[in-house]
Amino acid sequence: MKYLFALISHPAGWLMIFLLSLQPAVSWSHPMPNTVVLLNVHATRIDAEVQIPLNELQAAFGHAVNDSSAQLVARLGSPLRTYLLQHLRAQTAGGQNWAVSVDTLAVQETQNPINGTYRELRAIVRLVPPVGADVRRFVLHYDAVLHQVVTHKILVSIRQDWANGQLTEETMVQVGVIELDIVNNRIPPLTVNLEKGSVWTGFRAMVELGIRHIAGGTDHLLFLLVLLLPAPLLVNGGRWSRFGGARYSLKRLLLIISAFTIGHSLTLLMGALSLVRLPGQPIEVLIAVSILVSAVHAVRPIFPGREGWVAVGFGLIHGLAFADTLTNLRLDAGPMAVSILGFNLGIELMQLLVITLTIPWLMLLSRTPAYRGVRLTGALLAAVAAVAWVVERVTGQGNGVSKGVEQVTYYAPYGLGVMAVIALLLTWRMKRKVNFLFSSR
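Here the structure is a predicted model, which is why all the values come from computation and not from measurement.

Engineer: Help me understand helix α8 (residues 280-299), please; the structure alone is not making it clear to me.
Structural biologist: Since there are 3.6 residues in each turn of an α-helix, residues three or four apart along the chain are aligned in direction. In a regular helix each residue adds 1.5 Å, so 20 residues correspond to 28 Å; α8 covers 30 Å between its end C-alpha atoms and thus fits that length. Listed as buried for α8 are Ile 283, Val 285, Ile 287, Ala 288, Ser 290, Ile 291, Ser 294, Ala 295, His 297 and Ala 298. Against α6 (218-228), β11 (239-243), α9 (307-327) and α11 (371-395) lie the buried residues of α8.

Engineer: How should the packing of aromatic side chains be read in this particular structure?
Structural biologist: Geometrically, a pair of aromatic rings is defined through the distance of the ring centres and the angle of the planes. Evaluated as defined, the whole model comprises five aromatic pairs. Judged by centre distance (5.5 Å) and plane angle (50°), the ring pair of Phe 223 and Phe 260 falls under tilted. Taken as a pair, Phe 223 in helix α6 and Phe 260 in helix α7 (residues 246-272) lie far apart in primary sequence, 37 residues in all. The exposure classification of Phe 223 matches that of Phe 260, with both residues buried. These aromatic residues form a ring-pair network of at least three members: Phe 223, Phe 260 and Phe 314.

Engineer: Is there a simple way to explain the nonpolar core in this structure?
Structural biologist: Soluble globular proteins tend to bury their nonpolar side chains together. In this structure, Leu 228 and Ile 256 are the most contacted members of the largest nonpolar core, which totals 43 residues. Broken down by secondary-structure element, the contributors of at least two residues to this core are α6, β11, α7, α8, α9, α10 (333-365), α11 and α13 (412-439). Examining the composition of this core, we find that seven residues originate from one element, α11, more than from any other. Those residues within four positions of Leu 228 in sequence are excluded, and the remaining contacts are Leu 253, Ile 256, Ile 257, Ile 355 and Leu 362. Core analysis: the second largest hydrophobic core is formed by 42 residues, Trp 98, Val 135, Ala 144 and Val 156 among them.

Engineer: Even after reading the chapter, I still don't get the pattern of salt bridges, so can you show me in this structure?
Structural biologist: Pairing between side chains becomes possible if they bear opposite charge and their charged atoms approach one another. Summed over all chains, the structure comprises 13 salt bridges. A salt bridge links Arg 122 to Glu 49, with the shortest nitrogen-to-oxygen separation between them at 3.2 Å. Of this pair, Arg 122 sits in strand β5 (residues 116-128) while Glu 49 sits in strand β2 (residues 46-53), and the two are 73 residues apart along the sequence. The class of Glu 49 is buried, set by a relative accessible area of 10%.

Engineer: Where do I start with the environment of Ile 302 in this structure?
Structural biologist: Examined against the element boundaries, Ile 302 turns out to sit in the loop between α8 and α9. Overall, Ile 302 belongs to the partly exposed group, its relative accessible area being 43%. In sequence terms Ile 302 and Gly 238 are 64 residues apart; their C-alpha atoms lie 8.4 Å from each other. Discounting residues that sit within four places of it in the chain, Ile 302 has contacts with Val 293, Val 296 and His 297.

Calculation rules
- Residues numbered from 1 in each chain as written.
- Predicted model: local features only at pLDDT ≥ 70, side-chain atom pairs only at ≥ 80, totals over all residues.
- Heavy atoms only, no water.
- Helix = DSSP H or I, 4+ residues; strand = E, 2+ residues; numbered from the N terminus.
- Expected span 1.5 Å × (residues − 1).
- Buried < 20%, exposed > 50% of the residue type's maximum accessible area, 1.4 Å probe, protein only.
- Contact = heavy atoms within 4.5 Å.
- Phe/Tyr/Trp six-rings, centres within 6.5 Å; stacked < 30°, edge-to-face > 60°.
- Core = buried A, V, L, I, M, F, W, Y, C linked by side-chain atoms within 4.5 Å.
- Salt bridge = Lys/Arg side-chain N within 4 Å of Asp/Glu carboxyl O.

In C-alpha coordinates:
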(Lines give C-alpha, C1' and ligand atoms only; values in the text may rest on other atoms or scores of the structure.)
Protein backbone atom coordinates (compact mmCIF):
# COMPACT_ATOMS: atom_id res chain seq x y z
CA MET A 1 0.00 0.00 0.00
CA LYS A 2 2.79 2.43 0.86
CA TYR A 3 4.21 1.94 -2.67
CA LEU A 4 0.85 2.91 -4.12
CA PHE A 5 0.76 6.13 -2.06
CA ALA A 6 4.30 6.89 -3.11
CA LEU A 7 3.35 6.39 -6.74
CA ILE A 8 0.34 8.72 -6.73
CA SER A 9 2.06 11.36 -4.62
CA HIS A 10 4.92 11.84 -7.05
CA PRO A 11 4.56 13.69 -10.41
CA ALA A 12 6.39 10.88 -12.20
CA GLY A 13 3.80 8.47 -10.83
CA TRP A 14 0.96 10.44 -12.38
CA LEU A 15 2.86 10.52 -15.66
CA MET A 16 3.23 6.73 -15.55
CA ILE A 17 -0.48 6.28 -14.84
CA PHE A 18 -1.35 8.61 -17.72
CA LEU A 19 0.89 6.74 -20.17
CA LEU A 20 -0.54 3.40 -19.11
CA SER A 21 -4.04 4.73 -19.64
CA LEU A 22 -3.16 5.41 -23.27
CA GLN A 23 -2.37 1.74 -23.92
CA PRO A 24 -5.10 -0.35 -25.54
CA ALA A 25 -6.99 -2.59 -23.18
CA VAL A 26 -5.93 -6.22 -23.17
CA SER A 27 -8.64 -8.44 -24.65
CA TRP A 28 -8.77 -11.87 -23.09
CA SER A 29 -10.52 -14.80 -24.71
CA HIS A 30 -13.25 -14.52 -22.07
CA PRO A 31 -13.37 -11.24 -20.07
CA MET A 32 -14.33 -12.42 -16.59
CA PRO A 33 -16.81 -12.44 -15.01
CA ASN A 34 -19.01 -11.54 -17.94
CA THR A 35 -21.16 -13.61 -20.28
CA VAL A 36 -20.03 -13.96 -23.89
CA VAL A 37 -22.50 -14.59 -26.72
CA LEU A 38 -20.88 -15.70 -29.99
CA LEU A 39 -23.08 -15.61 -33.09
CA ASN A 40 -22.60 -17.84 -36.12
CA VAL A 41 -24.65 -16.29 -38.92
CA HIS A 42 -26.16 -18.63 -41.51
CA ALA A 43 -28.47 -17.93 -44.42
CA THR A 44 -31.70 -18.82 -42.58
CA ARG A 45 -30.74 -18.95 -38.89
CA ILE A 46 -28.22 -17.93 -36.26
CA ASP A 47 -26.45 -20.40 -34.00
CA ALA A 48 -25.34 -18.71 -30.78
CA GLU A 49 -22.86 -20.06 -28.27
CA VAL A 50 -23.57 -18.61 -24.84
CA GLN A 51 -20.73 -18.79 -22.30
CA ILE A 52 -21.76 -18.03 -18.71
CA PRO A 53 -19.35 -18.16 -15.71
CA LEU A 54 -20.77 -20.68 -13.24
CA ASN A 55 -20.14 -18.54 -10.17
CA GLU A 56 -22.21 -15.72 -11.68
CA LEU A 57 -24.88 -18.14 -12.91
CA GLN A 58 -25.30 -19.71 -9.47
CA ALA A 59 -25.99 -16.31 -7.91
CA ALA A 60 -28.84 -15.68 -10.37
CA PHE A 61 -30.13 -19.20 -11.06
CA GLY A 62 -30.66 -20.20 -7.42
CA HIS A 63 -29.26 -23.74 -7.78
CA ALA A 64 -25.83 -25.16 -7.04
CA VAL A 65 -23.98 -25.58 -10.34
CA ASN A 66 -20.64 -27.01 -9.23
CA ASP A 67 -21.17 -30.51 -10.67
CA SER A 68 -19.19 -31.96 -13.50
CA SER A 69 -20.55 -31.38 -17.00
CA ALA A 70 -22.43 -34.67 -17.25
CA GLN A 71 -23.84 -34.48 -13.71
CA LEU A 72 -24.94 -30.88 -14.10
CA VAL A 73 -26.72 -31.51 -17.39
CA ALA A 74 -28.39 -34.64 -15.97
CA ARG A 75 -29.51 -32.87 -12.80
CA LEU A 76 -30.38 -29.39 -14.07
CA GLY A 77 -30.51 -29.68 -17.85
CA SER A 78 -34.23 -29.01 -18.16
CA PRO A 79 -34.35 -26.12 -15.61
CA LEU A 80 -31.29 -24.53 -17.23
CA ARG A 81 -32.90 -24.67 -20.67
CA THR A 82 -36.08 -23.16 -19.28
CA TYR A 83 -34.10 -20.43 -17.52
CA LEU A 84 -32.22 -19.50 -20.70
CA LEU A 85 -35.40 -19.45 -22.78
CA GLN A 86 -37.01 -17.14 -20.24
CA HIS A 87 -34.13 -14.68 -20.47
CA LEU A 88 -33.16 -14.86 -24.14
CA ARG A 89 -35.32 -13.94 -27.10
CA ALA A 90 -34.92 -12.36 -30.49
CA GLN A 91 -37.35 -10.22 -32.46
CA THR A 92 -37.57 -8.52 -35.80
CA ALA A 93 -37.50 -4.73 -35.86
CA GLY A 94 -41.30 -4.90 -36.14
CA GLY A 95 -41.66 -6.98 -32.97
CA GLN A 96 -42.17 -10.47 -34.45
CA ASN A 97 -40.64 -13.17 -32.27
CA TRP A 98 -37.99 -15.53 -33.57
CA ALA A 99 -38.07 -19.24 -32.73
CA VAL A 100 -35.51 -19.96 -30.01
CA SER A 101 -34.29 -23.39 -28.87
CA VAL A 102 -31.46 -24.58 -26.64
CA ASP A 103 -29.68 -27.48 -28.35
CA THR A 104 -26.79 -28.54 -26.11
CA LEU A 105 -25.42 -27.74 -22.66
CA ALA A 106 -21.93 -28.44 -21.33
CA VAL A 107 -19.53 -27.26 -18.65
CA GLN A 108 -15.98 -26.38 -19.58
CA GLU A 109 -12.92 -25.30 -17.61
CA THR A 110 -11.07 -22.32 -19.04
CA GLN A 111 -7.83 -20.59 -18.16
CA ASN A 112 -7.90 -16.82 -17.69
CA PRO A 113 -4.71 -14.75 -17.15
CA ILE A 114 -6.39 -12.74 -14.39
CA ASN A 115 -8.68 -15.22 -12.61
CA GLY A 116 -6.83 -18.46 -13.32
CA THR A 117 -8.96 -21.57 -13.81
CA TYR A 118 -12.71 -21.02 -13.91
CA ARG A 119 -15.69 -23.01 -15.07
CA GLU A 120 -18.42 -21.88 -17.40
CA LEU A 121 -21.67 -23.15 -18.83
CA ARG A 122 -21.68 -23.34 -22.61
CA ALA A 123 -25.06 -23.47 -24.29
CA ILE A 124 -25.72 -23.74 -28.02
CA VAL A 125 -28.86 -21.76 -28.85
CA ARG A 126 -30.57 -21.74 -32.26
CA LEU A 127 -32.36 -18.58 -33.38
CA VAL A 128 -34.67 -18.86 -36.43
CA PRO A 129 -36.42 -15.77 -37.83
CA PRO A 130 -40.03 -15.78 -39.08
CA VAL A 131 -40.56 -16.65 -42.75
CA GLY A 132 -39.47 -13.74 -44.91
CA ALA A 133 -37.65 -11.91 -42.11
CA ASP A 134 -34.04 -10.76 -42.56
CA VAL A 135 -31.69 -12.97 -40.56
CA ARG A 136 -29.09 -10.17 -40.52
CA ARG A 137 -31.28 -7.61 -38.72
CA PHE A 138 -32.86 -8.33 -35.35
CA VAL A 139 -33.22 -7.17 -31.76
CA LEU A 140 -31.62 -9.39 -29.10
CA HIS A 141 -33.20 -9.39 -25.63
CA TYR A 142 -30.93 -11.09 -23.09
CA ASP A 143 -30.77 -10.63 -19.33
CA ALA A 144 -29.72 -14.01 -17.89
CA VAL A 145 -27.66 -13.41 -14.71
CA LEU A 146 -27.89 -9.65 -15.33
CA HIS A 147 -31.43 -9.54 -13.95
CA GLN A 148 -29.96 -10.42 -10.53
CA VAL A 149 -26.28 -9.42 -10.73
CA VAL A 150 -26.48 -5.79 -11.85
CA THR A 151 -22.73 -5.47 -12.43
CA HIS A 152 -22.80 -8.31 -14.95
CA LYS A 153 -22.32 -7.64 -18.68
CA ILE A 154 -23.13 -9.59 -21.82
CA LEU A 155 -20.60 -9.19 -24.62
CA VAL A 156 -22.08 -10.06 -28.01
CA SER A 157 -19.78 -10.81 -30.96
CA ILE A 158 -20.01 -12.26 -34.45
CA ARG A 159 -17.78 -15.32 -34.56
CA GLN A 160 -18.65 -16.51 -38.05
CA ASP A 161 -20.42 -14.77 -40.91
CA TRP A 162 -19.61 -16.59 -44.14
CA ALA A 163 -21.47 -14.16 -46.41
CA ASN A 164 -19.35 -11.31 -45.03
CA GLY A 165 -16.09 -13.25 -45.33
CA GLN A 166 -15.68 -13.76 -41.58
CA LEU A 167 -14.66 -17.35 -40.98
CA THR A 168 -12.52 -17.78 -37.88
CA GLU A 169 -12.42 -16.67 -34.26
CA GLU A 170 -9.32 -14.61 -35.00
CA THR A 171 -11.56 -12.19 -36.92
CA MET A 172 -14.38 -11.95 -34.37
CA VAL A 173 -16.22 -8.62 -34.34
CA GLN A 174 -17.95 -7.34 -31.22
CA VAL A 175 -21.37 -5.91 -32.09
CA GLY A 176 -22.38 -4.63 -28.69
CA VAL A 177 -22.69 -4.96 -24.94
CA ILE A 178 -25.88 -5.61 -22.97
CA GLU A 179 -25.76 -4.06 -19.51
CA LEU A 180 -27.94 -2.31 -16.98
CA ASP A 181 -28.95 1.25 -17.80
CA ILE A 182 -28.47 2.67 -14.30
CA VAL A 183 -30.16 5.99 -15.06
CA ASN A 184 -33.43 4.39 -16.22
CA ASN A 185 -33.03 1.18 -14.21
CA ARG A 186 -33.70 -1.04 -17.22
CA ILE A 187 -31.81 -3.53 -19.41
CA PRO A 188 -32.08 -2.31 -23.00
CA PRO A 189 -31.95 -4.91 -25.81
CA LEU A 190 -29.20 -4.97 -28.39
CA THR A 191 -30.04 -4.12 -31.99
CA VAL A 192 -27.98 -6.20 -34.41
CA ASN A 193 -27.76 -4.79 -37.92
CA LEU A 194 -25.19 -6.64 -40.03
CA GLU A 195 -23.94 -5.58 -43.42
CA LYS A 196 -25.46 -7.42 -46.33
CA GLY A 197 -23.24 -10.28 -47.43
CA SER A 198 -22.87 -12.08 -50.74
CA VAL A 199 -21.85 -15.41 -52.19
CA TRP A 200 -18.89 -13.72 -53.88
CA THR A 201 -17.61 -12.40 -50.54
CA GLY A 202 -17.85 -15.87 -49.00
CA PHE A 203 -16.15 -17.47 -52.00
CA ARG A 204 -13.30 -14.94 -51.95
CA ALA A 205 -12.81 -15.48 -48.22
CA MET A 206 -12.54 -19.23 -48.79
CA VAL A 207 -9.95 -18.73 -51.53
CA GLU A 208 -7.92 -16.59 -49.12
CA LEU A 209 -8.34 -19.21 -46.39
CA GLY A 210 -7.05 -21.90 -48.76
CA ILE A 211 -4.03 -19.76 -49.62
CA ARG A 212 -3.25 -19.13 -45.94
CA HIS A 213 -3.80 -22.78 -45.07
CA ILE A 214 -1.31 -24.15 -47.58
CA ALA A 215 1.13 -21.29 -46.94
CA GLY A 216 1.17 -22.24 -43.27
CA GLY A 217 1.04 -25.97 -44.00
CA THR A 218 4.76 -26.65 -43.95
CA ASP A 219 4.27 -30.40 -43.99
CA HIS A 220 2.03 -30.37 -47.09
CA LEU A 221 4.45 -28.31 -49.17
CA LEU A 222 7.48 -30.17 -47.87
CA PHE A 223 6.07 -33.52 -48.98
CA LEU A 224 5.50 -32.25 -52.50
CA LEU A 225 8.84 -30.44 -52.82
CA VAL A 226 10.86 -33.42 -51.55
CA LEU A 227 9.01 -35.72 -53.95
CA LEU A 228 9.96 -33.33 -56.76
CA LEU A 229 13.66 -33.26 -55.81
CA PRO A 230 14.73 -36.32 -57.84
CA ALA A 231 12.11 -35.89 -60.58
CA PRO A 232 14.51 -34.38 -63.19
CA LEU A 233 16.97 -37.29 -62.82
CA LEU A 234 17.31 -40.61 -64.60
CA VAL A 235 17.65 -43.91 -62.73
CA ASN A 236 20.70 -46.06 -63.40
CA GLY A 237 21.62 -49.21 -61.47
CA GLY A 238 19.18 -48.52 -58.67
CA ARG A 239 20.58 -45.02 -58.07
CA TRP A 240 19.76 -41.52 -59.20
CA SER A 241 21.85 -40.60 -62.19
CA ARG A 242 22.22 -37.57 -64.47
CA PHE A 243 19.73 -34.95 -65.67
CA GLY A 244 17.12 -36.52 -67.94
CA GLY A 245 16.52 -33.53 -70.19
CA ALA A 246 14.03 -30.68 -70.11
CA ARG A 247 11.09 -32.58 -71.68
CA TYR A 248 11.63 -35.63 -69.46
CA SER A 249 11.90 -33.49 -66.32
CA LEU A 250 8.86 -31.33 -67.02
CA LYS A 251 6.76 -34.37 -67.83
CA ARG A 252 7.63 -36.03 -64.53
CA LEU A 253 7.21 -32.83 -62.52
CA LEU A 254 3.78 -32.12 -63.98
CA LEU A 255 2.73 -35.75 -63.45
CA ILE A 256 3.61 -35.63 -59.75
CA ILE A 257 1.96 -32.24 -59.21
CA SER A 258 -1.21 -33.28 -61.04
CA ALA A 259 -1.42 -36.59 -59.19
CA PHE A 260 -1.08 -34.89 -55.79
CA THR A 261 -3.76 -32.37 -56.78
CA ILE A 262 -6.18 -35.10 -57.86
CA GLY A 263 -5.59 -37.05 -54.65
CA HIS A 264 -6.09 -34.25 -52.17
CA SER A 265 -8.98 -32.70 -54.13
CA LEU A 266 -10.89 -36.00 -54.03
CA THR A 267 -10.67 -36.49 -50.26
CA LEU A 268 -11.14 -32.77 -49.60
CA LEU A 269 -14.50 -33.06 -51.33
CA MET A 270 -15.46 -36.32 -49.63
CA GLY A 271 -14.29 -35.16 -46.21
CA ALA A 272 -16.02 -31.78 -46.43
CA LEU A 273 -19.27 -33.56 -47.35
CA SER A 274 -18.76 -35.95 -44.40
CA LEU A 275 -18.61 -38.96 -46.74
CA VAL A 276 -15.26 -39.93 -45.18
CA ARG A 277 -14.26 -39.12 -41.61
CA LEU A 278 -11.10 -40.29 -39.86
CA PRO A 279 -9.55 -39.23 -36.53
CA GLY A 280 -7.19 -36.28 -36.85
CA GLN A 281 -4.15 -37.79 -35.13
CA PRO A 282 -3.59 -40.77 -37.49
CA ILE A 283 -3.95 -38.44 -40.48
CA GLU A 284 -1.35 -36.03 -39.13
CA VAL A 285 1.02 -38.92 -38.38
CA LEU A 286 0.59 -40.34 -41.89
CA ILE A 287 1.31 -36.92 -43.39
CA ALA A 288 4.62 -36.86 -41.53
CA VAL A 289 5.31 -40.43 -42.70
CA SER A 290 4.64 -39.36 -46.30
CA ILE A 291 7.45 -36.79 -45.99
CA LEU A 292 9.80 -39.43 -44.60
CA VAL A 293 9.00 -41.80 -47.49
CA SER A 294 9.61 -39.01 -50.01
CA ALA A 295 12.91 -38.17 -48.34
CA VAL A 296 14.11 -41.78 -48.56
CA HIS A 297 13.07 -41.86 -52.22
CA ALA A 298 15.05 -38.66 -52.85
CA VAL A 299 18.19 -40.37 -51.51
CA ARG A 300 17.73 -43.62 -53.41
CA PRO A 301 14.84 -44.55 -55.74
CA ILE A 302 12.46 -46.92 -53.97
CA PHE A 303 9.54 -46.48 -56.38
CA PRO A 304 11.05 -45.16 -59.64
CA GLY A 305 8.48 -44.48 -62.32
CA ARG A 306 5.62 -44.77 -59.83
CA GLU A 307 5.90 -41.33 -58.24
CA GLY A 308 2.52 -40.35 -59.66
CA TRP A 309 0.75 -43.19 -57.86
CA VAL A 310 2.57 -42.36 -54.64
CA ALA A 311 1.55 -38.70 -55.01
CA VAL A 312 -2.09 -39.72 -55.50
CA GLY A 313 -2.03 -42.07 -52.51
CA PHE A 314 -0.49 -39.66 -50.08
CA GLY A 315 -2.54 -36.83 -51.61
CA LEU A 316 -5.66 -38.66 -50.42
CA ILE A 317 -4.33 -38.43 -46.86
CA HIS A 318 -3.35 -34.77 -47.14
CA GLY A 319 -6.83 -33.98 -48.49
CA LEU A 320 -8.47 -35.34 -45.34
CA ALA A 321 -6.44 -32.84 -43.32
CA PHE A 322 -7.59 -30.05 -45.63
CA ALA A 323 -11.20 -31.17 -45.20
CA ASP A 324 -11.07 -30.71 -41.42
CA THR A 325 -10.79 -26.96 -41.93
CA LEU A 326 -14.06 -26.93 -43.86
CA THR A 327 -16.01 -29.30 -41.62
CA ASN A 328 -15.08 -27.22 -38.57
CA LEU A 329 -16.90 -24.26 -40.15
CA ARG A 330 -20.22 -26.18 -39.98
CA LEU A 331 -21.68 -24.48 -43.02
CA ASP A 332 -25.01 -25.18 -44.69
CA ALA A 333 -25.12 -27.08 -47.98
CA GLY A 334 -25.04 -24.07 -50.33
CA PRO A 335 -22.16 -22.18 -48.70
CA MET A 336 -20.31 -25.48 -48.20
CA ALA A 337 -20.43 -26.27 -51.93
CA VAL A 338 -19.05 -22.82 -52.77
CA SER A 339 -16.49 -23.10 -49.97
CA ILE A 340 -15.14 -26.42 -51.24
CA LEU A 341 -14.50 -24.85 -54.63
CA GLY A 342 -12.98 -21.66 -53.22
CA PHE A 343 -10.84 -23.37 -50.59
CA ASN A 344 -9.44 -25.88 -53.07
CA LEU A 345 -8.76 -23.09 -55.57
CA GLY A 346 -6.82 -21.20 -52.90
CA ILE A 347 -4.76 -24.30 -52.12
CA GLU A 348 -3.97 -24.83 -55.80
CA LEU A 349 -3.04 -21.18 -56.38
CA MET A 350 -0.60 -21.16 -53.47
CA GLN A 351 0.77 -24.55 -54.41
CA LEU A 352 1.23 -23.42 -58.01
CA LEU A 353 3.02 -20.26 -56.88
CA VAL A 354 5.50 -22.17 -54.71
CA ILE A 355 6.17 -24.74 -57.42
CA THR A 356 6.55 -22.10 -60.12
CA LEU A 357 9.13 -20.31 -57.99
CA THR A 358 10.99 -23.55 -57.24
CA ILE A 359 11.01 -25.68 -60.40
CA PRO A 360 13.23 -23.44 -62.57
CA TRP A 361 16.06 -23.57 -60.04
CA LEU A 362 15.68 -27.33 -59.57
CA MET A 363 15.91 -27.75 -63.33
CA LEU A 364 19.06 -25.63 -63.51
CA LEU A 365 20.70 -27.22 -60.47
CA SER A 366 19.93 -30.76 -61.67
CA ARG A 367 22.19 -30.12 -64.68
CA THR A 368 25.20 -29.46 -62.41
CA PRO A 369 27.38 -31.83 -60.35
CA ALA A 370 26.39 -29.88 -57.22
CA TYR A 371 22.81 -31.14 -57.40
CA ARG A 372 23.69 -34.38 -55.66
CA GLY A 373 24.67 -32.44 -52.56
CA VAL A 374 21.55 -30.28 -52.80
CA ARG A 375 19.32 -33.33 -53.17
CA LEU A 376 20.87 -35.26 -50.29
CA THR A 377 20.91 -32.24 -47.98
CA GLY A 378 17.27 -31.47 -48.72
CA ALA A 379 16.26 -35.10 -48.22
CA LEU A 380 18.16 -35.34 -44.91
CA LEU A 381 16.62 -32.16 -43.49
CA ALA A 382 13.15 -33.28 -44.58
CA ALA A 383 13.66 -36.69 -42.96
CA VAL A 384 14.73 -35.09 -39.65
CA ALA A 385 11.65 -32.84 -39.72
CA ALA A 386 9.39 -35.79 -40.56
CA VAL A 387 10.72 -37.94 -37.69
CA ALA A 388 10.28 -35.01 -35.28
CA TRP A 389 6.68 -34.53 -36.45
CA VAL A 390 5.92 -38.25 -36.12
CA VAL A 391 7.18 -38.23 -32.52
CA GLU A 392 5.29 -35.05 -31.72
CA ARG A 393 2.02 -36.25 -33.24
CA VAL A 394 2.18 -39.72 -31.68
CA THR A 395 3.11 -38.54 -28.17
CA GLY A 396 1.25 -35.23 -28.24
CA GLN A 397 4.37 -33.55 -26.86
CA GLY A 398 6.27 -30.86 -28.74
CA ASN A 399 10.02 -31.11 -29.25
CA GLY A 400 12.83 -28.75 -30.08
CA VAL A 401 13.29 -30.05 -33.62
CA SER A 402 9.65 -29.57 -34.67
CA LYS A 403 9.60 -26.09 -33.14
CA GLY A 404 12.85 -25.28 -34.93
CA VAL A 405 11.36 -26.41 -38.24
CA GLU A 406 8.41 -24.06 -37.76
CA GLN A 407 10.78 -21.16 -37.08
CA VAL A 408 12.96 -21.96 -40.09
CA THR A 409 9.94 -21.85 -42.41
CA TYR A 410 9.74 -18.09 -41.88
CA TYR A 411 13.03 -17.83 -43.75
CA ALA A 412 11.95 -20.09 -46.63
CA PRO A 413 11.66 -17.19 -49.13
CA TYR A 414 15.26 -16.21 -48.40
CA GLY A 415 16.33 -19.83 -48.87
CA LEU A 416 14.59 -19.88 -52.23
CA GLY A 417 16.46 -16.72 -53.20
CA VAL A 418 19.78 -18.26 -52.19
CA MET A 419 18.97 -21.39 -54.21
CA ALA A 420 18.18 -19.22 -57.25
CA VAL A 421 21.49 -17.35 -56.95
CA ILE A 422 23.43 -20.61 -56.58
CA ALA A 423 21.60 -22.17 -59.55
CA LEU A 424 22.35 -19.18 -61.77
CA LEU A 425 25.97 -18.99 -60.63
CA LEU A 426 26.66 -22.70 -61.15
CA THR A 427 24.92 -22.66 -64.54
CA TRP A 428 26.98 -19.66 -65.61
CA ARG A 429 30.23 -21.32 -64.46
CA MET A 430 29.35 -24.56 -66.20
CA LYS A 431 28.59 -22.78 -69.49
CA ARG A 432 31.76 -20.76 -69.17
CA LYS A 433 33.77 -23.92 -68.66
CA VAL A 434 32.16 -25.59 -71.69
CA ASN A 435 32.81 -22.52 -73.83
CA PHE A 436 36.44 -22.47 -72.70
CA LEU A 437 36.90 -26.13 -73.60
CA PHE A 438 35.45 -25.55 -77.08
CA SER A 439 37.51 -22.44 -77.66
CA SER A 440 40.76 -24.14 -76.59
CA ARG A 441 40.47 -26.83 -79.26
